[in-house]
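# Coordinates in review
Listed below, chain by chain, are the residues.
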Amino acid sequence: MVDDSGRSFARILAANVFTVFNGVVGGCFILLLALGAWQDALFGFFVIANTVIGVVQEFLAKRTLARLAVLNSPRAAVLRNGLEVECAVEDVVIGDTLVLRPGDQLAADATLIESHEIEVDQSLLTGEADPVTPKTGQELLSGSVVLAGSGTARAIRVGADSYAARTTSEARQFSLVRSELRRSIGRIIVWLSLALVPIMAIVVNGQVQAAGGWSVVFSNGAWRGAAITSVASIIATVPAGLVFMTSVALAVGAVRLARRRVLVRELAAVEGLARVDMLCIDKTGTLTEGTMTLDRVDVVEHPAPGWQSAVAWLAADPAANATARALARDFGPALAVGEKPDAVVPFSSRYKWSGAHFASGPSAGSWVLGGADIVLADSGPGARARGQAAALASAGERTLVLAHTLVPIPHAEPSGPRLPRGLQPVAVIALGDRVRRDAGEILRYFADQGVEVCVLSGDDPGTVAAVAHAVGLPLAGPRADARDLPSDPPRLADVLRTQRVFGRVTPEQKKAVILSLQSLGHTVAMIGDGVNDTLALKHADLGIAMGSGTAAARSVAQIVLLDGSFARLPHVVAEGRRVIANVERLAKLFLSKTVYALVLALGFGLLLWPFPFLPRQLSVVDGLTIGLPALVLALLPNSRRSRRGFLRRAVRFCVPSGLIIAGALLAVTAYASAGTRASSTQVHTVAVITLTLSALWVLVVLARPFTRATAAVVVGAYAGLVLIVAVPFSRDFLALSAPAPELIVVAVAVSAGASVALELIHRGALRRARTAVG
């Protein structure tokens, strides 16, 4: 099989090297190396780190996707020499007869040979939501999923020539999904890129004029110092570590989830976890253990003969659903008496019943197995059986009714098969599915985290309501029957404002519910494992598939619970919130620096003042106020639910913070240069002290609430400033000197004033946020 799961290594390398960010930062890095100022080129680490992490991230994802393609590739059932055998998808050849059953995904383009009420979903390929009922001789596309019925088809195009291979090769390539966080950071980088050209012109001219003018700097060699200080002011405006730390935080989150048997197929899905406030789930396998066992069979006084053989056949039909198959253990093998039906209606989640007609023999007549409220009339014996089934369902049992009539099953119509007339109850069957012991605890966790849960089940509404009540989910009414839901989206949205538990939900209704919840402003996650969940998984903000589910469900989900455990979900949501809340905190830290760097670059450039920093000095300040703290803040616990509007909140915080810090530095620099006639090294020193003390208060604000880790980070940053100013080796390396006590007092006093202003702004922002939430 050709590995087309991504770009070649050369293309990966080129895509990560030749970026706008690397062009700006890398160009400055190369310029400083050419000038021999390697001490001032410390920021080049970010060029190398960003490139390495980007290349490694995509290459590992490419390799992982290639392995997953092999591991998750479904095996195809084919007829060869009259025998059914299984083979790898790539071993299917033209002319093979494919055996099709519910849940199967076509391994090749094929022509339908034989059909037993087969239904096919081609939405993964064509985007059309409605399943189709193909006729014999009709072409089926590879990648389509069998929803119901069974049949055979002859392969006509295989491998790279098939429709799925031609249309999905690009989709299989690794890519980072669009997200608000990445989109916002991308917009910031674009804005900076557009602004850098005029800013560079102003900065370079300002530094040259401050050094004596263009003619002077080229005659006395002062151009070298002007170039270095120009680079310092330009490089300070680029949030060099933000993209790097965002990727690190997302990757660490994905690794942590992988250790809990949760596969994150796309890193940006971690952001989706943080924003989820509505979780849509099925009942079976999530609230319950998903293992059906026969509890009781209540037979009418004079049942139609052959009913046990009919149940055995319906239970062992290859197209039977999981509920019917649970009966096979108690009713024995199919065709125990050698009977074969003349007509069959396989189970479908659309009409929720299956049936078979026997023309003669002990089981003569039509037999239907399905929900009592669907199969039986609400009068006579049917009413009594429906009442009995409803009573069992209200106790949490999954109920089926077996009904019989001598009338043949009508031929299927375009809208689907119709029930035969005259159906009379034969037996009411109750199956048990135990509620998970930890289901109530998990749901309470979601409630505490502000995540609502919506149950979408195909089971009897009474059964669904009973299970929901057992695990503590509120019910807006006595029954939650999806058949009563309006099809009009606005009216459906009105129902969903209060109701959260539904039974008898069809696949199309699951999709409609997802879309209506989104229209109400919810960020929706959908958990599914079956073919009937694929539409909802595709349209949810975040699709979560069970590892034991169908290949179709896994193929459209961004996250896969490898062991299929519902208990993993609290860890999944908690990890997503931790990562994104920390990334937003880091973004405010980095972007505050970008704002004050822009103001300083323009301010000193327009005033024609010498820039008060060397690149190495700014690198150390960044390390104390941003870089080293970011490594800790990115990995801290954080349960705050993410909200939309990241860029707006960041601007409201970072712009005033940056202006205050820049104002403090301009004031101290003006006082030191004009008021005391301090030397350039002394000006550099007080500038480093002022900038570090002022910017550290942004860290103090963002590190709250304090823990041992955050307190240690803040204390360590302040101690680091003392060390770089006091230790002779660091002073010499950074070209600093001990300033006059007067300058130190001024720097500390102005920084304290800036810190107070930053604190007031932060408290005001908190009050506005509480008012908005309230």
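Since the model is a prediction, treat every value here as computed from it, not as a measurement.

## Quick word on the environment of Ala465
- Here Ala465 is to be found in helix H18 (residues 461–470).
- In this structure the C-alpha to C-alpha distance between Ala465 and Phe502, which are 37 residues apart in sequence, comes to 7.8 Å.

## Quick look at helix H27 (residues 708–726)
- Taking 1.5 Å per residue as the helical rise, H27 with its 19 residues ought to reach 27 Å, and the 26 Å between its terminal C-alpha atoms agrees with that figure.
- Among the residues of H27, Thr710, Val713, Val714, Ala717, Gly720, Leu721 and Ile724 are the ones counted as buried. Axial view of H27: buried residues confined to an arc of 115°, hence all on one face. Relative to its buried face, H27 has exposed residues pointing more than 90 degrees away, namely Arg708, Val715, Val722 and Leu723.
- Contacts made by the buried residues of H27 are with helix H24 (615–633), helix H26 (680–702) and helix H28 (728–734).

## A short note on the packing of helix H19 (residues 489–496) against helix H20 (residues 507–519)
- At a closest axis distance of 9 Å, the pairing of H19 and H20 adopts a crossing angle of 75°. What the angle tells us is that H19 and H20 run roughly perpendicular. Taken together, the residues of H20 that come into contact with H19 (itself represented by Pro489, Leu492, Ala493 and Leu496) are Ala512, Val513, Ser516, Leu517 and Ser519.
- By residue class, the composition of the contact of H19 with H20 is 7 nonpolar, 2 polar and no charged.

## Observations concerning the state of the cysteines
- As enumerated under the stated definition, the model contains 0 disulfides in all.
- Cys454 provides the cysteine sulfur closest to Cys280, a residue in no disulfide bond, and the two sulfurs are 4.5 Å apart.

## Remarks on a nonpolar patch on the surface
- Among the surface-exposed residues, Phe9, Leu13, Val17 and Phe18 lie close enough to one another that they form a single nonpolar patch of about 400 Å² accessible area.
- Tracing the sequence through the fold places Phe18 in the loop between helix H1 (9–17) and helix H2 (20–34).

## Re helix H17 (residues 439–448)
- Looking only at H17, the buried set comprises Ala439, Gly440, Ile442, Leu443 and Phe446. Viewed end-on, H17 has its buried residues packed into an arc of 160°, placing them on one side of the element. Of the exposed residues in H17, the ones pointing more than 90 degrees away from its buried face are Glu441, Arg444 and Asp448.
- Trailing H17 by a residue or two, Gly450 shows a phi angle of about 80°, which is positive.

## A few points about unusual backbone geometry
- Residue Pro705 is reached from Arg704 by a cis peptide bond, and omega for that bond is -5°.
- Here Pro705 lies in the loop between H26 and H27.
- In this structure, Lys352 is a non-glycine residue whose phi angle is positive, near 60°.
- In this structure, Lys352 sits in the loop between strand S10 (343–345) and strand S11 (353–358).
- By relative accessible area, Lys352 is classed as buried at 9%.
- For Arg504, which is not glycine, the phi torsion reads 60° and is therefore positive.
- Relative to the helices and strands, Arg504 is located in the loop between strand S16 (501–502) and H20.
- Accessibility expressed as a relative area gives 6% for Arg504, which makes it buried.

## Here we look at the sheet that holds S11
- Read from one edge to the other, the open sheet built from 6 strands follows the order S9-S14-S13-S12-S11-S10, with strand pairing classed as antiparallel. Only two strands of the sheet have a single partner each, and these edge strands are strand S9 (293–299) and S10. Going from strand to strand, the sheet's axes swing by 15° on average, the running direction of each strand aside.
- Alignment of strand S13 (residues 398–405) against strand S14 (residues 424–432), held across 7 bridges, turns out to be antiparallel.

## Quick look at the sheet that holds strand S2 (residues 83–87)
- In space, the 6 strands of this open sheet follow the order S2-S1-S3-S6-S4-S5, with antiparallel pairing throughout. Edge positions in the open sheet fall to S2 and strand S5 (139–140), since each of these has one partner strand only.
- Across 10 bridges, strand S4 (residues 109–121) lies against strand S6 (residues 145–157) in antiparallel orientation. Across the sheet, residue Ser115 finds its bridge partner in S6, namely Gly151.

Rules behind the numbers
- Residues numbered from 1 in each chain as written.
- Predicted model: local features only at pLDDT ≥ 70, side-chain atom pairs only at ≥ 80, totals over all residues.
- Heavy atoms only, no water.
- Helix = DSSP H or I, 4+ residues; strand = E, 2+ residues; numbered from the N terminus.
- Expected span 1.5 Å × (residues − 1).
- Buried < 20%, exposed > 50% of the residue type's maximum accessible area, 1.4 Å probe, protein only.
- Arc of directions from axis to C-beta.
- Contact = heavy atoms within 4.5 Å.
- Axes fitted to C-alpha atoms, helices over the stretch in contact; angles between N-to-C directions.
- Parallel < 35°, antiparallel > 145°, perpendicular 65-115°, else oblique.
- Nonpolar A, V, L, I, M, F, W, Y, C, P; charged D, E, K, R; others polar.
- Disulfide = S-S within 2.5 Å.
- Patch = residues over 30% accessible without salt bridge, like charges linked within 9 Å, V, L, I, M, F, W, Y side chains within 5 Å.
- Areas by Shrake-Rupley, 256 points an atom, 1.4 Å probe, with all protein chains shown as cover.
- Salt bridge = Lys/Arg side-chain N within 4 Å of Asp/Glu carboxyl O.
- Pairing = 2+ DSSP bridges.

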